[in-house]
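Observations on the three-dimensional arrangement
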Amino acid sequence: MANHRIERINEEIQRELSVLIQNVKDPRVSVVISIPTVETTTDLRHAKVFVSVLDKGDVLQVLKPLQSSCGYFRPALGPRLSVLYTPELT
């Protein structure tokens, strides 16, 4: 039962982050980015977000601004999720 809940939350985080990434104003993140998988711990405190970039040459240039944008993503993600605590994103 708990695994089904975690899978549902993973899908919810994946869907909401896909929308939030489109709102990032950093020009280095203007390439096509998708989120194929999210893995959340069983206590829902941490979530590992896997990112896929269309242009493989820009992977490092895209990952740095995304990592620095985690401070934007977590508070924006909180009200959109149906969980008590918003997970820390990595």
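Up top is the structure these notes are about.
As the structure is a computational prediction, the values presented were derived from the model and not from experiment.

Conventions we followed
Residues numbered from 1 in each chain as written. Predicted model: local features only at pLDDT ≥ 70, side-chain atom pairs only at ≥ 80, totals over all residues. Heavy atoms only, no water. Axes fitted to C-alpha atoms, helices over the stretch in contact; angles between N-to-C directions. Helix = DSSP H or I, 4+ residues; strand = E, 2+ residues; numbered from the N terminus. Parallel < 35°, antiparallel > 145°, perpendicular 65-115°, else oblique. Contact = heavy atoms within 4.5 Å. Nonpolar A, V, L, I, M, F, W, Y, C, P; charged D, E, K, R; others polar. Buried < 20%, exposed > 50% of the residue type's maximum accessible area, 1.4 Å probe, protein only. Arc of directions from axis to C-beta.

Quick notes on the packing of helix α2 (residues 59-68) against helix α3 (residues 70-77)
Contact pair α2 / α3: the axes reach a minimum separation of 5 Å and the direction vectors enclose 50 degrees. Judged by the inter-axis angle, α2 sits oblique to α3. Residues L66, Q67 and S68 of α2 touch α3, and the partners they reach there are C70, G71 and F73. Classifying every residue of the contact of α2 with α3 gives three nonpolar, three polar and no charged.

A few points about α3
Within α3 the residues assigned to the buried category are F73, A76 and L77. An end-on view of α3 places all buried positions within 95 degrees of arc, on one side of the element. Residues of α3 that are exposed and point more than 90 degrees away from the buried face comprise G71 and P75.

Description of the environment of P65
Looking at where P65 falls in the secondary structure, it is placed in helix α2. You can call P65 buried: its relative accessible area is 1%. A C-alpha to C-alpha distance of 22 Å links P65 and T40, two positions 25 residues apart in sequence.

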